[in-house]
Amino acid sequence: MKKILFSLIIFIPSCVVHANADDYQQQHVFHEAHVPIVKSVAIIGGGASGTSTAFWLNNVFSSSSENSPNQISITIFDRKDYIGGRSTTVPIKGNSSLGTMELGASIFVEANQNLMKATDKFGLKRTSVEVDDDNDDIDPLVKKKREDRRPGLGVWDGEQFVFEETGSYYWDSLKALWRYGLSPIKFQRKQQEIVKRFLNIYNETQQQDEIMEIVKDLGLKELVNMTAESYLKDLGINDRFSYEILQTATRGNYCQDLNALHALAVMVSMEASHGTWAVEDGNYRIFEEFASRSGADLQLNTKVVSISNITEVDTNGHHINRYRVETLDGKNQVFDEVVLAAPLKYSGIEFSFPTEEEQRDYHAVHVTLVAGYPDPSYFGRTIDHLPSFIVTTGLPLIHHFENKTAPFNTFSVHRYLENGESVIKLFSPKVMEEEFLDQLFINRSWTYRTAWHAFPKLKPIADNHSFPSFILKPDKENDDFGIIYTGAFENFISTMETQTIAGKIAAKVLYKKWCNTFNEFNKYCGEFGDGWGKI
């Protein structure tokens, strides 16, 4: 039970896009790599799915033939000047010596096989936020909280904390048992069962390009077909636990309430109770490594404005479909295949065929970083008794908020500076105005704001056609033409890890297309295997 409650302390949304690159901690920009072209692939987007697609492709084909060590040419386009996409950091007060803050994609969990293996393979140091007396890698925030005994989680309804941790394992467990009965235990058992099912997605036979077929194979259709609220009621989870604890997790992860998102999202949101990690230098380092090791030609600061299909004739007189990619600077390049690894609705790309029915709404999130001294009187507390991670209640517990809308979703302490200031991250549904921040803080020395469409609105899926297509086609019957769209997977569930899974599926789609036919390229095809190849 303690693990369930502690897990809520470290929930941070999984996805970040559309922030101002000028303020980011400088991330590496790689030199272009030119390789002989046998098969050429354009990847639009340098985040988790784009860089992992490049990595899986390169590992499958690189050096698999002594006669031709370079069988594919990969180009990654990104309109930003860095690799990492939704995972990026910003230096506190613009000074990296004070530390950096993740703008999103802050943690991954023990069950995330690709990210855990990547950090091991790439020699990236992980830091843990687990509370463990024998763990030297405990997050400094956790150490500080344990020393000053400040409460961890506090669930705020606009008038009072309806639940908060005291810092005492036994007292918190007893208090939860008294307030929620056996619901935490009942939920944990069901959650473990669902996650066990979900982990079958790493089985290679269940990685296909129809999202609903994946959902069915995993036995998760019921969970994506109904709201989390309805599903929890059917399980017999009491409303207090659902709205005070489980909804706290979904508001922390996806900024959405139980009545708005499908049931799988609440199960995934609570998985952080089983080991949480971050890369010491920033999680974007994983995706820099994916990109670097893929040998891709990185075209950063390069916005793609249109993708059109063309027909060419090869040396044998056969007609082949290819793609013309045009960028904002007016340049045109032709590729054998295209992978769109960015949200379709916000890509700003003009396609040669309609894509409106494949577009989905994303949830708008505002992030505010503040260095300063919080004013505990706003919450009716002293600083010694102010929780370090505050999550507001959502529907139906909204009566004490002005206009029945919580002014923020989360208010979390992430650093303590040597001068005594706290560095706090807030997520909110609208801009945090100066006047309101003055109510939350006695004073502020630094305020940083940005906003993004962080992740899809994870609405229940009513039918088989509600997921976007993993392959965007002008002609559904033509298997020879189609743009691979890894963003389709996000409507199933949106995390860094699942985007790397989408990247592997994209690579397998191309592998099957190239290697299951009798053509000249077939001689380069070996076994796809686990995709890691030679590191």
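Residues numbered from 1 in each chain as written. Predicted model: local features only at pLDDT ≥ 70, side-chain atom pairs only at ≥ 80, totals over all residues. Heavy atoms only, no water.

S.K.: How should the overall build of the protein be read in this particular structure?
M.R.: For the protein, the helix and strand inventory stands at 14 helices and 22 strands. Scored against the burial criterion, the 535 residues of the protein give a buried share of 59%. Excluding contacts between residues fewer than 6 apart, the proportion of contacts in the protein whose partners are at least 24 apart in sequence is 73%. For the protein, the computed accessible surface area is about 22,200 Å², with 47% contributed by carbon and sulfur atoms. (Helix = DSSP H or I, 4+ residues; strand = E, 2+ residues; numbered from the N terminus. Buried < 20%, exposed > 50% of the residue type's maximum accessible area, 1.4 Å probe, protein only. Contact = heavy atoms within 4.5 Å. Areas by Shrake-Rupley, 256 points an atom, 1.4 Å probe, with all protein chains shown as cover.)

S.K.: Any chance you could explain the sheet that holds strand β18 (residues 410-416) here in plain terms?
M.R.: In sheet architecture, strand pairing relies on hydrogen bonds along the backbone and comes in two forms, parallel and antiparallel. With mixed pairing, 7 strands are arranged side by side in an open sheet as β8-β7-β17-β18-β19-β16-β20. Among the strands making up the open sheet, the edge pair consists of β8 (161-164) and β20 (441-456). Mean inter-strand twist for the sheet, computed between neighbouring axes without regard to direction, equals 20°. Packed onto the sheet, helix α10 (residues 239-254) meets β7 (153-156), β8, β16 (362-374), β17 (389-392), β18 and β20 and runs at close to 95° relative to β7. (Pairing = 2+ DSSP bridges. Axes fitted to C-alpha atoms, helices over the stretch in contact; angles between N-to-C directions.)

S.K.: What am I meant to see in α10 here?
M.R.: Each turn of an α-helix holds 3.6 residues, which means side chains three or four residues apart point in the same direction. Of all the bends in α10, the largest measures some 35° and sits at Gln-247. Most of α10 sits out of view: 14 of its 16 residues are buried. One side-chain oxygen at the N-terminal end of α10 lies 3.2 Å from the backbone nitrogen of Arg-240; it belongs to Asn-238. Where α10 ends, the next residue or the one after it, Cys-255, has phi of about 55°, a positive value. (Bend = angle between axes of the 7 residues up to and from the residue. Polar contact = N/O pair within 3.5 Å; in protein donor to acceptor, adjacent residues only side chain to side chain.)

S.K.: Would you explain the packing of aromatic side chains in this entry?
M.R.: Given two aromatic rings, their pairing is described by the distance between the two centres and the angle made by the two planes. The final tally for this structure, using the stated rule, is 31 aromatic pairs. Between Phe-489 and Phe-492, the ring centres sit 5.5 Å apart and the planes meet at 75°, which makes this aromatic pair edge-to-face. For Phe-492, a relative accessible area of 0% gives the class buried. The structure contains a cluster of three or more aromatic residues connected by ring pairs, namely Trp-156, Phe-161, Tyr-378, Phe-379, Phe-408, Phe-411, Phe-436 and Phe-441. Over the aromatic face of Phe-163 sits the side chain of Lys-175, whose NZ or CZ is 5.2 Å from the ring centroid. Residue placement shows Lys-504 over the ring face of Trp-56; its charged tip is 4.5 Å from the ring centre. (Phe/Tyr/Trp six-rings, centres within 6.5 Å; stacked < 30°, edge-to-face > 60°. Lys NZ or Arg CZ within 6 Å of the ring centre and 35° of its normal.)

S.K.: It is not clear to me how the pairing of β18 should be interpreted in this structure. Could you clarify?
M.R.: Successive residues of a regular strand alternate their side chains across the two faces of the sheet. In terms of residue burial, β18 counts as a mostly covered element, since 5 of its 7 residues are buried. The pairing of β17 with β18 spans 3 bridges and is classified as antiparallel. Looking at the pairing, Val-391 lines up with Thr-410 of β18. Of the strand pairs in this sheet, β18 and strand β19 (residues 422-428) are connected by 6 bridges, and their pairing is antiparallel. Bridge pairing in β19 links Arg-415 to Val-423. Here β18 folds back onto β19, and the loop between the two strands holds 5 residues, one of which, Gly-420, carries a positive phi near 95°.

S.K.: Explain the sheet that holds strand β12 (residues 319-327) to me, please; I cannot follow it from the model alone.
M.R.: Read across the open sheet, the 4 strands follow the order β13-β12-β11-β15; overall the sheet is mixed. If you trace the sheet from one side to the other, it starts and ends with β13 (332-335) and β15 (350-351), each paired once.

S.K.: Would you mind showing me how to read the confidence of the model for the protein here?
M.R.: Low-confidence regions, as indicated by low pLDDT, have predicted coordinates that should not be scrutinised in detail. When pLDDT is averaged along the protein, the result is 85, and 83% of the positions lie at 70 or above. Between residues 64-68, whose pLDDT stays under 50, and residues either more than four places distant or in other chains, the model counts 6 contacts. The low-confidence segment residues 130-138, where pLDDT is below 50, has 21 contacts with residues more than four positions distant or belonging to other chains. (pLDDT = per-residue confidence, 0-100.)

S.K.: What exactly am I supposed to notice about helix α3 (residues 113-122) here?
M.R.: Every buried residue of α3 is accounted for by Asn-114, Leu-115, Met-116, Ala-118, Thr-119 and Phe-122. Of the surrounding secondary structure, the elements contacted by the buried residues of α3 are α2 (48-61), β5 (108-109), β6 (126-128), β9 (276-279), α12 (284-294) and α14 (496-515). Looking one or two residues past α3, Gly-123 carries a phi angle of roughly 70°, positive in sign.

S.K.: Sorry, what's going on with the side chain of Glu-421 here?
M.R.: Relative to the assigned elements, Glu-421 resides in the loop between β18 and β19. Only 2.6 Å separates the side chain of Glu-421 from the side chain of Lys-93, close enough to count as a polar contact. Apart from the residues lying within four places of it in its own chain, the contact partners of Glu-421 are Lys-93, Ala-371, Gly-372, Tyr-373, Arg-415, Tyr-416 and Ser-445.

S.K.: Can you walk me through unusual backbone geometry in this structure?
M.R.: Residues other than glycine predominantly adopt negative phi, and peptide bonds predominantly adopt the trans conformation. A cis geometry characterises the amide bond from Leu-395 onward to Pro-396, with omega recorded as 5°. Positionally, Pro-396 belongs in the loop between β17 and β18. Even without being a glycine, Asn-301 presents a positive backbone phi close to 55°. For Asn-301, the location among the structural elements is in the loop between β10 (297-299) and β11 (304-313).

S.K.: Could you clarify how one ought to interpret the pattern of salt bridges in this entry?
M.R.: One pass over the structure, following the stated rule, counts 21 salt bridges. Linking Lys-93 and Glu-421 is a salt bridge whose minimum nitrogen-to-oxygen distance equals 2.6 Å. In this pair, Lys-93 sits in the loop between β3 (89-91) and β4 (100-102) while Glu-421 sits in the loop between β18 and β19, placing the two residues 328 residues apart along the sequence. Overall, Lys-93 belongs to the partly exposed group, its relative accessible area being 31%. The partner of Asp-438 in a salt bridge is Arg-444, with the nearest N and O atoms 2.8 Å apart. Judged by relative accessible area, which is 47%, Asp-438 ranks as partly exposed. Within the structure, one salt-bridge network assembled from shared partners comprises Arg-285, Glu-288, Glu-289 and Arg-293. (Salt bridge = Lys/Arg side-chain N within 4 Å of Asp/Glu carboxyl O.)

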